[in-house]
Amino acid sequence: MKLAVPCRFEYDLLNKLNDINKKYHSIHEVFGAIPESVIGHGRATSGIQTFGKVDMNHVKEFTIQSHSMGIEVNYLLNAQCLGNIEYTDEGRYEIMKYLESINNTNVDAVTLAIPLLADIIKREFPDLKVIVSVISEANNSHRIALWEKLGVNRINLDYDSNRDFKRLKSVSQTSKVELELLVNDGCLFYCPFQKYHRVLSSHGSKSGAGKRSYIDYCLLKCTIERNNNTAEIIRGPWIRPENTKYYEDNFGIHFFKISGRYRPIEWIVNVAEAYSKRSYDGNLMDLLSLTF
């Protein structure tokens, strides 16, 4: 197992993950991003900045510490929309300046959802590994093959594929790069709010977003849906810690990712240990990244 754990670049979290690794040797990387930037990422600033602000100098120092523990750092660039600034001279300049600052932190990889960014990074920053975000909805061999042509190193499958074993068998047999599964997301199965939510979060993590009003309409709607119909929790796309071995043995998938960058350190550590141990004796709801 190679487990990816969410972070906000806290040293306390890193130390606790190092303790877990001493027992299970399971945690491969941590992933995160500064609260807001010209590119943005998959979580709105309002949910991340409450844990404190960090800059790229902090990310660089954090990366040094993480590497000393044998844990890689994956920086998130997984916004689904850039608002077309990538096609303006000023926007292109700001994007390149931001990518250079990320490269200078010596992180190991970046996760993205926009093919244009993959093209730029592979050409300008070839030492960075490029990981395709679950936001990209890579859910069949054709989409995966197109990402492979861009030279990506790993692909997160659409989490609606988690229980589609026929699909997983097909893509795992044809993929030329490593595949990864998000194991504990609390989204609705085939969520009707998903696409809008991802664009909303992308713009909600852009520079200056913290000063603007942000209402997570999609989160409110899906929470109401789960409360009114608790069967939605059962048929969600999560994978139990006990079942990760099945995915390794049957599909050759060894990379697993935990969702929950907006949750407290204690929660993240509990989830990371449960998946590292491959078992959990408590309430499964403790592990799901649901927000109510």
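An account of the accompanying structure is given in this report. (Residues numbered from 1 in each chain as written. Predicted model: local features only at pLDDT ≥ 70, side-chain atom pairs only at ≥ 80, totals over all residues. Heavy atoms only, no water.)

1. Considering the overall build of the protein
Turning to step 1, where the next piece is worked out: Of regular secondary structure, the protein possesses twelve helices and eight strands.
Turning to step 2, where the next piece is worked out: Over its C-alpha trace the protein gives a radius of gyration of 18 Å, about what one expects of a compact globule, namely 19 Å for 292 residues.
Turning to step 3, where the next piece is worked out: Referenced to the eigenvectors of the C-alpha coordinate spread, the extents of the protein come out at roughly 50 × 40 × 40 Å.
Turning to step 4, where the next piece is worked out: Taken across its 292 residues, the protein has 54% of its residues classed as buried.
Turning to step 5, where the next piece is worked out: Within the structure as shown, the protein displays about 13,100 Å² of accessible surface, and the carbon and sulfur contribution to it stands at 51%. (Helix = DSSP H or I, 4+ residues; strand = E, 2+ residues; numbered from the N terminus. Rg over C-alpha atoms; globule rule 2.2 N^0.38 Å. Buried < 20%, exposed > 50% of the residue type's maximum accessible area, 1.4 Å probe, protein only. Areas by Shrake-Rupley, 256 points an atom, 1.4 Å probe, with all protein chains shown as cover.)

2. Remarks on helix H3 (residues 56–68)
Turning to step 1, where the next piece is worked out: The first and last C-alpha atoms of H3 sit 18 Å apart over 13 residues, in line with the 18 Å expected at 1.5 Å per residue.
Turning to step 2, where the next piece is worked out: If you check which residues of H3 are buried, you get Met56, Val59, Phe62, Thr63 and Ser66. What you see down the axis of H3 is that its buried residues fit within an arc of 110°, all on one side. Those residues of H3 that are exposed and aimed more than 90 degrees away from the buried face are Asn57, Ile64 and Ser68.
Turning to step 3, where the next piece is worked out: Two or three places before Asn57, at the start of H3, stands the capping residue Asp55, its side-chain oxygen 3.2 Å from that residue's backbone nitrogen.
Turning to step 4, where the next piece is worked out: Following H3 by one or two positions, Gly70 adopts a phi angle in the positive range, close to 80°. (Expected span 1.5 Å × (residues − 1). Arc of directions from axis to C-beta. Polar contact = N/O pair within 3.5 Å; in protein donor to acceptor, adjacent residues only side chain to side chain.)

3. Some points on the sheet that holds strand E8 (residues 255–257)
Turning to step 1, where the next piece is worked out: Spatial ordering of the closed barrel is given by E1-E2-E3-E4-E5-E6-E7-E8, a layout of eight strands whose pairing is parallel. If you compare each strand with its neighbour and ignore which way they point, the axes differ by 25° on average.
Turning to step 2, where the next piece is worked out: Direction of pairing for strand E7 (residues 178–182) relative to E8: parallel, over a ladder of three bridges. Bridging from a neighbouring strand, Glu180 pairs with Phe255 of E8.
Turning to step 3, where the next piece is worked out: Along the sheet, H3 makes contact with strand E2 (27–32) and strand E3 (72–77), crossing E3 at roughly 150°. (Pairing = 2+ DSSP bridges. Axes fitted to C-alpha atoms, helices over the stretch in contact; angles between N-to-C directions. Contact = heavy atoms within 4.5 Å.)

4. Things to note about the nonpolar core
Turning to step 1, where the next piece is worked out: Core analysis: the largest hydrophobic core is formed by 73 residues, its most contacted members being Ile39, Tyr75, Leu77 and Leu99.
Turning to step 2, where the next piece is worked out: When residues in this core are grouped by element, the largest group, eight residues, is from helix H12 (residues 265–277).
Turning to step 3, where the next piece is worked out: Among residues more than four places away in sequence, those in contact with Ile39 are Leu77, Ala79, Leu82, Ile95, Tyr98, Leu99, Leu117 and Lys206.
Turning to step 4, where the next piece is worked out: Grouped together as the second largest cluster of nonpolar side chains are six residues, Leu188, Phe193, Cys218 and Cys222 included. (Core = buried A, V, L, I, M, F, W, Y, C linked by side-chain atoms within 4.5 Å.)

5. With respect to the pairing of strand E1 (residues 2–6)
Along any regular strand, the residues point their side chains to alternate faces of the sheet.
Turning to step 1, where the next piece is worked out: Of all five residues that make up E1, four are buried, and the element is covered over most of its length.
Turning to step 2, where the next piece is worked out: As paired elements, E1 and E8 share three bridges and run parallel to each other. Each bridged residue has a counterpart across the sheet, and for Lys2 the counterpart in E8 is Phe255.
Turning to step 3, where the next piece is worked out: Here E1 runs beside E2; their pairing, made up of four bridges, is parallel. Paired with Leu3 across the two strands is Ile27, which belongs to E2.
Turning to step 4, where the next piece is worked out: Regarding topology, helix H1 (residues 11–24) serves as the crossover connection from E1 to the parallel E2, and that connection is right-handed. (Right-handed = clockwise from strand over helix to strand, strands pointing away.)

6. Focus: helix H4 (residues 89–103)
Turning to step 1, where the next piece is worked out: Compared with the 21 Å implied by 1.5 Å per residue over 15 residues, the 21 Å span of H4 between its first and last C-alpha is a close match.
Turning to step 2, where the next piece is worked out: Taken residue by residue, H4 has Gly91, Ile95, Met96, Tyr98, Leu99 and Ile102 as its buried positions. For H4, the angular spread of buried residues about the axis comes to 160°, placing them on one side. Opposite the packed face of H4, turned more than 90 degrees from it, sit the exposed residues Asp89, Glu90 and Tyr93.
Turning to step 3, where the next piece is worked out: Against the buried residues of H4 lie H3, E3, strand E4 (109–112) and helix H5 (115–124).

7. Quick look at the packing of H1 against H3
Turning to step 1, where the next piece is worked out: Where H1 contacts H3, the two axes come as close as 11 Å, and the packing angle between them is 15°. By the angle class used here, H1 and H3 are roughly parallel. For the pair H1 and H3, the crossing hand works out as right-handed. Contact residues: Tyr11, Leu14 and Asn15 in H1; His58, Glu61, Phe62, Gln65 and Ser66 in H3.
Turning to step 2, where the next piece is worked out: When the residues that make up the contact of H1 with H3 are grouped by side-chain class, the tally is three nonpolar, four polar and one charged. (Parallel < 35°, antiparallel > 145°, perpendicular 65-115°, else oblique. Left-handed = near helix turned anticlockwise from the far one by under 90°. Nonpolar A, V, L, I, M, F, W, Y, C, P; charged D, E, K, R; others polar.)

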